[in-house]
Amino acid sequence: KSISRVAPAQISVDGRFLYGAPASNLELSGELTIAAAKELSGFPGYAFGLFDDEVTPVRQELDDVPNTDAAGTAKFPVALDSTPASSRPLEAQVVVRMSESGGRAVERKLTLPVASDGAMLGVKPMFSGRSLADGANADFDVIMLSPDGKALAKNGVRYDLLKVESSYQWYRQNGQWEYEPVKRTERVASGTVDIATDKPGRLSLPVKWGRYRLEVSTGEANGPITSLSFDAGFYAEANADTPDLLEVALDKPDYKPGEAMNVAVTARTAGRLTINVFTDRLVASQSQDVKAGATRVNITVGRDWGTGAYMVATLRR
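Just so you know, these numbers come straight off a predicted model, no measurement behind them. The residue numbering used here restarts from 1 in each chain and proceeds along that chain's sequence as written. Per-residue local features are limited, in this predicted model, to residues with pLDDT of at least 70; the limit for side-chain atom pairs, both in listing and counting, is 80 or more; totals at the level of whole chains, interfaces and linings are taken over all residues. Only heavy atoms go into the side-chain values, all of them from the structure, while hydrogens and water stay out.

1. Focus: the packing of aromatic side chains
Then, number 1: Within 6.5 Å between ring centres, the rings of Phe, Tyr and Trp (the latter by its six-membered ring) count as paired, and their orientation is classed by plane angle as stacked under 30 degrees, edge-to-face over 60, tilted in between. Applying the stated criterion across every chain yields a total of nine aromatic pairs.
Then, number 2: Plain terms: the ring middles of F43 and Y46 are 6.5 Å apart, the flat faces sit at 85 degrees to each other, and that makes the pair edge-to-face.
Then, number 3: The class for Y46 is buried, based on a relative accessible area of 12%.
Then, number 4: Among the aromatic residues, ring-to-ring pairing joins F127, F140, Y212 and F230 into one connected group. Partly exposed residues are those whose accessible area sits between 20% and 50% of the maximum for their type, while under 20% is buried and over 50% is exposed, using a 1.4 Å probe and protein chains only.

2. Digging into the nonpolar core
Then, number 1: Ranked by internal contacts, the top residues of the largest apolar core, which has 23 residues, are I3, L28, L32, L62 and F76.
Then, number 2: By the criteria applied, helices consist of DSSP H or I runs no shorter than four residues and strands consist of E runs no shorter than two, each listed in order from the N terminus. Every element with two or more residues in this core is listed here: β1 (9–14), β2 (27–36), β5 (73–78), β6 (90–99) and β7 (105–114).
Then, number 3: It is β6 that contributes the most residues to this core, five residues altogether.
Then, number 4: Residue contacts follow a heavy-atom distance rule, with two residues in contact if any of their heavy atoms lie within 4.5 Å. Contacts of I3, omitting those with residues within four sequence positions, involve A9, V78, L80, A92, L112, P113, V114 and A115.
Then, number 5: Put simply, buried Ala, Val, Leu, Ile, Met, Phe, Trp, Tyr and Cys residues joined by side-chain atoms within 4.5 Å make one nonpolar core. One finds F127, F140, L205 and L228 within the second-largest nonpolar core, a separate group that totals 22 residues.

3. Overview of the sheet that holds strand β23 (residues 310–316)
Each strand in a sheet pairs with its neighbour through backbone hydrogen bonds, running either in the same direction (parallel) or in the opposite one (antiparallel).
Then, number 1: On the basis of which strands lie adjacent, the open sheet formed by three strands has the order β21-β20-β23 and antiparallel pairing. Since the sheet does not close on itself, it has two edges, and those belong to β21 (282–290) and β23, each with one partner. On average, each strand axis in the sheet is tilted by 15 degrees relative to the strand beside it, whichever way the strands run.
Then, number 2: A pair of strands is labelled paired if DSSP reports no fewer than 2 bridges between them. Where strand β20 (residues 271–278) and β21 come together, eight bridges link them in antiparallel fashion. Note on method: axes are straight lines fitted to C-alpha atoms, helices fitted across the in-contact stretch only, with angles between N-to-C directions ranging 0 to 180 degrees.

4. Brief notes about the pattern of salt bridges
Then, number 1: Should a side-chain nitrogen of Lys or Arg be within 4 Å of a carboxyl oxygen of Asp or Glu, the pair is scored as a salt bridge. The full count for this structure, using the stated rule, is 16 salt bridges.
Then, number 2: Where D134 meets R296, a salt bridge forms, and the shortest distance between an N and an O atom there is 2.7 Å. With D134 in the loop between β9 (131–132) and β10 (137–145) and R296 in strand β22 (residues 293–300), the pair connects residues that are 162 residues apart, well separated along the chain.
Then, number 3: In this structure, E215 and R213 form a salt bridge, with 2.9 Å as the shortest nitrogen-oxygen distance.
Then, number 4: Within the structure, one salt-bridge network assembled from shared partners comprises E31, R59, E61, R97 and E107.

5. A word on the side chain of T218
Then, number 1: Counting through the fold element by element, T218 comes out in the loop between β15 (210–217) and β16 (225–232).
Then, number 2: The exposure class of T218 is buried, given its relative accessible area of 10%.
Then, number 3: Think of a polar contact as two N or O atoms within 3.5 Å of one another; within protein, one of them needs to be a possible hydrogen donor and the other a possible acceptor, and neighboring residues in sequence only count if both atoms come from side chains. Here the side chain of T218 touches E220 through a polar contact of 3.3 Å, side chain to side chain.
Then, number 4: T218 has contacts with L121, M144, K154, G223 and P224, leaving out every residue within four places of it along the chain.

6. Re unusual backbone geometry
Then, number 1: Even without a glycine there, the phi angle at N174 is positive, about 55 degrees.
Then, number 2: Relative to the helices and strands, N174 is located in the loop between β12 (154–173) and β13 (176–195).
Then, number 3: For N174, a relative accessible area of 76% gives the class exposed.
Then, number 4: With phi around 60 degrees, N222 is a residue other than glycine that occupies positive phi space.
Then, number 5: If you trace the backbone, N222 turns up in the loop between β15 and β16.
Then, number 6: Using a relative accessible area of 84% as the deciding quantity, one classes N222 as exposed.

Below, the structure written as structure tokens:
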């Protein structure tokens, strides 16, 4: 079941004491929280809406909740006073408390999806995690749903694959230097895909090393749009949230002695890059001159690295 944005949902409560007697004439109270849903029920793995659409949860108290009747039951409507503005699916968590005369309360939670006010586009990556290999094909399934969650057919759904690069803009404010991140995108692929009611549309997009954003839309004014981000060419990344940190990533989750570890470092300026690998001591060090942008460095994994090591990348301009 779901809860509509315009019509209340009917909530039923059935309370009993541990010894089986009905919890009659007890006070009920509660609240409702509306937030972004992690995924849409019945469509695991699919993303809906803009991936970077931040949703601020909305909380409201449940008003005019009756006491339980002689049989320990109660029914009451729950309406949404307001919902967060978001392209992503929402869900409402209903919390109901039943309090006895001594003041002790029993709490139960019910989560209901909030019915969409329009059609939705869903995109499902066909690879695990959020990263795939350099030169691989990024495959996605695309579906379209009605507000009540039924599959729809749609021809000519547009997709755009964008490569994303990050930099920082410096400015002076109140006598101090501040910075803000700047994202630059380059369209590397675009086209259309057809969706059937019984078969998702399939995208297969070749990608090279880097960060990407896929956008899928109907191309209509105020129509549904979905985006998601993914990486190609490395397994794990260390996010650099400030300009004094380097973005460092590896191409595999683990390595064996003798294998080449591919380290990707994104430098914002040219300089001398040094990569040091430590266990309880320094076990490897490698330096080279690099230009601004992404640089890949191969380091052979030594047998003296043990079961684990950590790496530090330093850029001297």
